[in-house]
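The chain contents come next:
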Number of protein chains: 2
Amino acid sequence: QTKPKFDNLILFSLPIFLGKCQKTLTIDEEVAKLLELKARLGGDDGKHQFVLKTAKGTRDYNPKQMAIREKVFNTIISCFKRHGAETIDTPVFELKETLTGKYGEDSKLIYDLKDQGGELLSLRYDLTVPFARYLAMNKITNIKRYHIAKVYRRDNPAMTRGRYREFYQCDFDIAGQYDAMIPDAECLKIVHEILSELDLGDFRIKVNDRRILDGMFAVCGVPDDKFRTICSTVDKLDKMPWEDVKKEMVNEKGLSEEAADQIGEYVSMQGGMDLAERLLQDHKMSQSKQACAGLSDIKLLFSFLQLFQVTDKVVFDLSLARGLDYYTGIIYEAVLTQAGESVSVGSVAGGGRYDGLVGMFDPKGRKVPCVGVSIGIERIFSIMEQKAEASAEKVRTTEVQVMVASAQKNLLEERLRLVTELWNAGIKAEVMYKKNPKLLSQLQHCEESGIPLVAILGEQELKDGVVKLRVVATREEIDIARTDLTSEIRRRTSEA
Amino acid sequence: QTKPKFDNLILFSLPIFLGKCQKTLTIDEEVAKLLELKARLGGDDGKHQFVLKTAKGTRDYNPKQMAIREKVFNTIISCFKRHGAETIDTPVFELKETLTGKYGEDSKLIYDLKDQGGELLSLRYDLTVPFARYLAMNKITNIKRYHIAKVYRRDNPAMTRGRYREFYQCDFDIAGQYDAMIPDAECLKIVHEILSELDLGDFRIKVNDRRILDGMFAVCGVPDDKFRTICSTVDKLDKMPWEDVKKEMVNEKGLSEEAADQIGEYVSMQGGMDLAERLLQDHKMSQSKQACAGLSDIKLLFSFLQLFQVTDKVVFDLSLARGLDYYTGIIYEAVLTQAGESVSVGSVAGGGRYDGLVGMFDPKGRKVPCVGVSIGIERIFSIMEQKAEASAEKVRTTEVQVMVASAQKNLLEERLRLVTELWNAGIKAEVMYKKNPKLLSQLQHCEESGIPLVAILGEQELKDGVVKLRVVATREEIDIARTDLTSEIRRRTSEA
């Protein structure tokens, strides 16, 4: 095979890249892309250079990060379990067709697998579509489930801000035909509980409804076939000022200036139950049946939120749009409002009602109403990591209770015998993998990894049938009868 | 685009399939493959039919399966933590190059991602190669870590026997320069502990050493460049009788009949430390320095296994080969020996020493010796599921302690108020998402999902400031002062 010369390649590849990604790519990103391409083609000298890295937009978790991750997951899972959820799991890839037509303009971000013969597959883009596929496939009409797993998006990564191409979602969904707004309100209660418990600073949960958006578009004179595309433009309001959003509506999407201005008036409105009541009286908005249905539900929602004691953080915000195609009713998004040390981390949870999605998979189109919420964990990790970094407290990455050590040489066999006793009794114990480790290096290992106790063996201790138990923090040492050792270790580490 | 006619396609595709997969494909599998192809091309009438399924060789886990999976994971993770392991995580895909040249003949089973511009990526095939890449990338020279995650292999699935294309591996590895055979022995201790605790019936752990295999090949007259390919043929001895293995060696791999026969004699040998001693005296085997080094280490290993109290299940077995390229020393594999209800599930754990793998990633080739074990969880799930199915005990899929119910109409608000009190106090509680649910259907839900308590509200209870607490199992009902409710629920569910 002949290889195209690199310099020539730049000439024809550059315009292609610029054409495709015009809006989002900076010059730096252009350069990065070309360097990547260069590396793939073998660099300047045509010689191949192996790059030791993870795939773009992904990362490893080291033991410290995993300890933080475990803590966050435990908080979230406890909350989901407190609300009575079961859990399921689905494969990391789905038939490509399963994902087709579910994500609107975001579909271009889906990772496809190579056609190696057999089925055409794609990595999951979220956990909602696989959940709907699962319900339809198993003919399940009601379930309350959580699902914590990684999803994949070929987006422009911004790893310092917690935006990755592989990231966790923690989803909680309620499927079933129930009375209006009760499960919807519980989802918001859950977001409130989790964000409060994680102690990430102040937050706000924005609420809106697809029917209110659609009704608003209708009464503002947006043509029917432009609802979805105008909706994704509105969705950019959290990243762009209104003037730019308006420009995109008028110049790119061909909306009349008048319609855009009317939308601009509505999307600046924020409030609570009172705003919903006012809009129900609004001479224009009240012309749309859809909008009225949505506004009545917002009122009902707020009445339940009052009972759940979470109205302090919830705002009815007409600028909230959310890009995904499948939402049919209420939508929401939680944002942290306390500016962090660095830049704002943006949305940390989002969700809504999607009553039509399961029906898209059912051969007879039978619908299963669903509402759910997804916690975006990576941004939360970023904040927790920064916090741990700043704090003086050391993060332990193991749970070892005791180190089996020796003060003299030639005691490997005795150490292995003792550590076996401890393991068999369920004690978390370590031993150094050396024939004759120095006592100092054994003690140092305990200091470094936070192991609280050392069980020290010597000729004398073996003769006396005892073990010298050393408390690492205080350097206190006492002889314990070998038969009492496990209960003594348990006693001393149970309060920790 | 024109579409090839399906009938024509059969004619040319059949021989290709047969050629590629000759040995392992049955007629049924051929038919399945062709039907799949047919579905992709749009079926007989050329009309597209969406298929509601998961990708071939993958499956969903329902809540009951997840409850079992959680139990198995907890057992395994406790064991890893008892032995002082930290945990890490790596992305589901790696640069394609990272996986290249690590898996020998199995490389054809790697899933590649589609080239969508950017890097060429593949799904991870195991957790060992990503671990080695992680060590080299972060210049880590010693660590004891576990990693539980899914891996991907485009193998022929046999789902009833627990063989999937997406499956979990639970890996424990020790990296670092240590004294011989101590970490290796701990890996076997861990396998012994986990398989004993999971209570899957009797098991055996086979042990061998790559150096013994290579030495054996050398003294039996296998040419150097055929070691690896003969090794993969020996690896098939657990699935094929010796006669077929010999035929493959002689007819396909071009080995002399005499050499094959000599190999046949060795690979029938099984024993313990005594066998290692005997082979060290063997006039032929003792000519290989490599074999002698391996045999001495097997002896040392068994002496540690005695101290760890696990020799009852460990067998030195010269037929054990393991297909992967990266092993350099001891190798092992655990099999369940009690024939289950259905067919044998085969190997449930395996591992070995791979001292060269990290060096393959290091720019300067610096080596980090490693030894590890991987628990094959899917087969264990299959057995546990069968057991749960056979047992009378019901598997609970939620942990709900109490259901907040009402006996009369129009008490939705009061139910929501009470469930909020309980959630805020950390009680796991549910409420029906209906304005006026029947008391009977509320109680039925408790029966079905194993919720032990019901907190019943009625007009009278509200007036009296009490809640009627019902014990589902006994139907006993008592009035509890509202202020005492959470402590009473906690008291009654803490013993469970």
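Residues numbered from 1 in each chain as written. Chains lettered and ligands numbered in written order. Predicted model: local features only at pLDDT ≥ 70, side-chain atom pairs only at ≥ 80, totals over all residues. Heavy atoms only, no water.

In the annotation of an unreviewed UniProt entry, the entry for chain A reads histidine--tRNA ligase, and the organism field reads Amphiprion ocellaris. Annotation of chain A in UniProt includes, under Catalytic activity (unreviewed entry), the sentence "tRNA(His) + L-histidine + ATP = L-histidyl-tRNA(His) + AMP + diphosphate + H(+)". Looking at chain A in UniProt, the text filed under Sequence similarities (unreviewed entry) is "Belongs to the class-II aminoacyl-tRNA synthetase family." (UniProt positions renumbered as here; feature names shortened; annotations may be inferred.)

Trainee: What exactly am I supposed to notice about the overall build of chain A here?
Mentor: In terms of helices and strands, chain A carries 18 helices and 16 strands. Put simply, chain A has 496 residues, and 54% of those count as buried. Within chain A, residue pairs in contact and separated by at least 24 positions form 67% of the contacts whose partners lie at least 6 positions apart. Put simply, chain A shows about 22,100 Å² of open surface, and 50% of that area lies on carbon and sulfur atoms. (Helix = DSSP H or I, 4+ residues; strand = E, 2+ residues; numbered from the N terminus. Buried < 20%, exposed > 50% of the residue type's maximum accessible area, 1.4 Å probe, protein only. Contact = heavy atoms within 4.5 Å. Areas by Shrake-Rupley, 256 points an atom, 1.4 Å probe, with all protein chains shown as cover.)

Trainee: Sorry, what's going on with unusual backbone geometry here?
Mentor: All names here are of chain A. With a phi angle near 75 degrees, Met181 is a residue other than glycine that sits in the positive phi range. Tracing the chain through its elements places Met181 in the loop between strand S5 (166-175) and helix H6 (182-198). The backbone of Asn410 sits at a positive phi, close to 60 degrees, despite the residue not being glycine. Looking at the element boundaries, Asn410 is found in the loop between strand S12 (402-406) and helix H15 (412-424). Accessibility expressed as a relative area gives 66% for Asn410, which makes it exposed.

Trainee: Is there a simple way to think about the sheet that holds strand S7 (residues 270-271) of chain B in this case?
Mentor: Strand pairing in a sheet is mediated by backbone hydrogen bonds. Such pairs are either parallel or antiparallel. Residue and element names in this part refer to chain B. Read across the sheet, 9 strands follow the order S1-S4-S5-S11-S10-S9-S6-S8-S7 without closing on themselves; strand pairing throughout is mixed. In this open sheet, the two strands that pair with only one neighbour each are strand S1 (86-87) and S7. As paired strands, S7 and strand S8 (residues 314-317) are joined by 2 bridges and run antiparallel to one another. Each bridged residue has a counterpart across the sheet, and for Gln270 the counterpart in S8 is Asp317. The strands touched by helix H5 (residues 128-137) are strand S4 (143-152), strand S5 (166-175) and strand S11 (370-376); relative to S5, the strand with the most contacts, the crossing angle is about 45 degrees. Seen against the sheet, helix H7 (residues 210-219) touches strand S6 (203-209), S8 and strand S9 (330-336) and runs at an angle of roughly 55 degrees to S6. (Pairing = 2+ DSSP bridges. Axes fitted to C-alpha atoms, helices over the stretch in contact; angles between N-to-C directions.)

Trainee: Looking at this structure, how should I read the pattern of salt bridges?
Mentor: Between side chains of opposite charge, a pair can form as their charged atoms come close. One pass over the structure, following the stated rule, counts 81 salt bridges over all chains. As a salt-bridge pair, Lys96 of chain B and Asp112 of chain B come within 3.2 Å of each other at their nearest N and O atoms. Of this pair, Lys96 of chain B sits in helix H4 (residues 96-99) while Asp112 of chain B sits in the loop between H4 and strand S3 (121-123); the two residues are 16 residues apart in sequence, bridging distant segments of the chain. Asp214 of chain B is paired through a salt bridge with Arg228 of chain B; the nearest N and O atoms lie 3.7 Å apart. Remark: Arg228 of chain B occurs in helix H8 (residues 227-234) and Asp214 of chain B occurs in helix H7; sequence separation between them is 14 residues. Taking relative accessible area as the criterion, Asp214 of chain B reaches 10% and is therefore assigned buried. A cluster of three or more residues bridged by salt bridges with shared partners is formed by Arg69, Lys150 and Glu166 of chain A together with Asp89 of chain B. (Salt bridge = Lys/Arg side-chain N within 4 Å of Asp/Glu carboxyl O.)

Trainee: Help me understand the packing of aromatic side chains, please; the structure alone is not making it clear to me.
Mentor: Aromatic ring pairs are defined here through the distance separating the ring centres and the angle between the ring planes. Within this structure, the stated rule accounts for 28 aromatic pairs over all chains. Both rings, one in Phe217 of chain A and one in Phe227 of chain A, keep their centres 5.8 Å apart while their planes meet at 55 degrees; by these two values the pair is tilted. With Phe217 of chain A in helix H7 (residues 210-219) and Phe227 of chain A in helix H8 (residues 227-234), the pair connects residues that are 10 residues apart, well separated along the chain. Taking 6.3 Å as the distance between ring centres and 70 degrees as the angle between the ring planes, the aromatic pair formed by Tyr103 of chain B and Tyr326 of chain B counts as edge-to-face. Taken together, the positions of Tyr103 of chain B in the loop between H4 and S3 and Tyr326 of chain B in the loop between S8 and S9 put the pair 223 residues apart, joining distant regions of the chain. Taken individually, Tyr103 of chain B and Tyr326 of chain B each receive the classification buried, so the pair is uniform in this respect. Three or more aromatic residues link up through ring pairs in this structure, and these residues are Tyr103, Tyr125, Tyr326, Tyr327 and Tyr354 of chain A. Geometry around Tyr61 of chain A places Arg69 of chain A over its ring, the cationic atom sitting 4.5 Å from the centre. (Phe/Tyr/Trp six-rings, centres within 6.5 Å; stacked < 30°, edge-to-face > 60°. Lys NZ or Arg CZ within 6 Å of the ring centre and 35° of its normal.)

Trainee: Looking at this structure, how should I read helix H14 (residues 377-390) of chain B?
Mentor: For an α-helix the count is 3.6 residues per turn, leaving residues at separations of three or four pointing the same way. Residue and element names in this part refer to chain B. A rise of 1.5 Å per residue sets the reference length of H14, with its 14 residues, at 20 Å; its end C-alpha atoms lie 20 Å apart and thus fit the reference within 8%. Those residues of H14 that sit buried are Ile377, Glu378, Ile380, Phe381, Ser382, Ile383 and Met384. Among the structural elements, helix H3 (63-82), S5, helix H6 (182-198), S9, strand S10 (347-353) and S11 are those in contact with the buried residues of H14. (Expected span 1.5 Å × (residues − 1).)

Trainee: I tried to follow the relation of the copies chain B and chain A on my own but got confused; where do I start?
Mentor: Both copies of the chain are placed relative to one another by a rotation about an axis and a shift along it. Overlay of chain B on chain A (RMSD 0.0 Å): rotation 180 degrees, translation along the axis 0.0 Å. Those values place the two copies in the arrangement expected of a two-fold rotation axis. Looking at chain B, 100% of its interface residues are interface residues in chain A too, so the copies touch through the same face. (Least-squares fit on C-alpha atoms with pLDDT ≥ 70 in both.)

Trainee: Would you mind showing me how to read the pairing of S6 of chain B here?
Mentor: Residues and elements named next belong to chain B. When you tally the buried positions in S6, you get 6 out of 7 residues, the bulk of the element. As paired elements, S6 and S9 share 7 bridges and run antiparallel to each other. Residue pairing across strands places Phe203 opposite Leu336, the latter belonging to S9. In this structure, S6 lies alongside S8, joined through 3 bridges in parallel fashion. Bridge pairing in S8 places Val207 opposite Phe316.

Trainee: It is not clear to me how the environment of Val207 of chain B should be interpreted in this structure. Could you clarify?
Mentor: Residues and elements named next belong to chain B. When you line up the elements, Val207 lands in strand S6. Taking the relative accessible area as the measure of exposure, Val207 reaches 0% and is therefore buried. Along the sequence, Val207 and Gly271 sit 64 residues apart, while their C-alpha atoms lie 9.8 Å from each other. Leaving out residues up to four positions away in the same chain, Val207 has contacts with Leu188, Ile298, Leu301, Val314, Val315, Phe316, Asp317, Leu320, Ile330, Ile331 and Tyr332.

Trainee: I keep staring at the sheet that holds strand S9 (residues 330-336) of chain A and nothing clicks. Help me out?
Mentor: Residue and element names in this part refer to chain A. One open sheet holds the 9 strands; their spatial order is S1-S4-S5-S11-S10-S9-S6-S8-S7, and the pairing between them is mixed. Two strands in the sheet have a free side with no partner beyond their single neighbour: strand S1 (86-87) and strand S7 (270-271). As paired strands, strand S10 (residues 347-353) and strand S11 (residues 370-376) are joined by 5 bridges and run antiparallel to one another. Bridge pairing links Gly350 to Ser374 in S11. Contacts from helix H5 (residues 128-137) reach strand S4 (143-152), S5 and S11, with the element oriented near 45 degrees to S5.

Trainee: What exactly am I supposed to notice about the side chain of His147 of chain B here?
Mentor: Residues and elements named next belong to chain B. Here His147 lies in strand S4. Among the polar contacts made by the side chain of His147, one reaches the side chain of Asp89 at a distance of 2.9 Å. Among residues more than four places away in sequence, those in contact with His147 are Thr87, Ile88, Asp89, Thr90, Arg124, Leu127, Gln169, Cys170 and Asp171. (Polar contact = N/O pair within 3.5 Å; in protein donor to acceptor, adjacent residues only side chain to side chain.)

Trainee: Can you walk me through the interface of chain B and chain A in this structure?
Mentor: Accessible area lost when the parts come together is the quantity often used to give the size of an interface. Contact with chain B, which involves 94 residues of that partner, is made by 95 residues of chain A. Both sides of the chain B and chain A interface together cover about 8,900 Å² of buried area, and 57% of this is carbon and sulfur. Counting the contacts that link chain B with chain A gives 16 salt bridges. For Lys114 of chain B, the salt bridge goes to Asp112 of chain A, with nearest N and O atoms at 3.6 Å. (Buried area = accessible area lost by both parts, 1.4 Å probe.)

Trainee: Teacher, can you tell me more about the packing of H7 of chain B against H8 of chain B here?
Mentor: Residue and element names in this part refer to chain B. Where H7 meets H8, the axes come as close as 11 Å, and the angle between the chain directions of the two elements is 110 degrees. It follows from the interaxial angle that H7 and H8 lie roughly perpendicular. The way H7 lies across H8 gives a crossing that is right-handed. Note on element contacts: H8 touches H7 through Phe227, Arg228, Ile230, Cys231 and Val234, opposite Arg210, Leu213, Asp214, Phe217 and Ala218. For the contact of H7 with H8, the residue count by class is 7 nonpolar, no polar and 3 charged. (Parallel < 35°, antiparallel > 145°, perpendicular 65-115°, else oblique. Left-handed = near helix turned anticlockwise from the far one by under 90°. Nonpolar A, V, L, I, M, F, W, Y, C, P; charged D, E, K, R; others polar.)

Trainee: Mind showing me how you'd approach helix H12 (residues 289-307) of chain B here?
Mentor: For H12 of chain B, which comprises 19 residues, the first-to-last C-alpha distance of 28 Å matches the rise-based estimate of 27 Å (1.5 Å per residue) to within 8%. Regarding H12 of chain B, the residues found buried are Ala291, Gly294, Leu295, Asp297, Ile298, Leu301, Phe302, Phe304, Leu305 and Leu307 of chain B.

Trainee: Could you clarify how one ought to interpret the UniProt feature "binding site: L-histidine" (unreviewed entry) in chain A in this entry?
Mentor: Residues and elements named next belong to chain A. If you check UniProt for "binding site: L-histidine" (unreviewed entry), the listed places come out as Asp126, Leu127, Thr128, Arg153, Gln169, Asp173, Arg322, Tyr326 and Tyr327 in our numbering. Mapped onto the secondary structure, Gln169 falls in strand S5. In contact with Gln169, other than residues within four places in its own chain, are Asp126, Leu127, His147, Ile148, Ala149, Val151, Arg153, Ser374 and Ile375. Tyr326 sits in the buried class, given a relative accessible area of 7%. Apart from residues no more than four positions distant in its own chain, Tyr326 is found in contact with Lys102, Tyr103, Asp126, Thr128, Val129, Arg353, Tyr354 and Leu357. Only 2.7 Å separates the side chain of Tyr326 from the side chain of Asp126, close enough to count as a polar contact.

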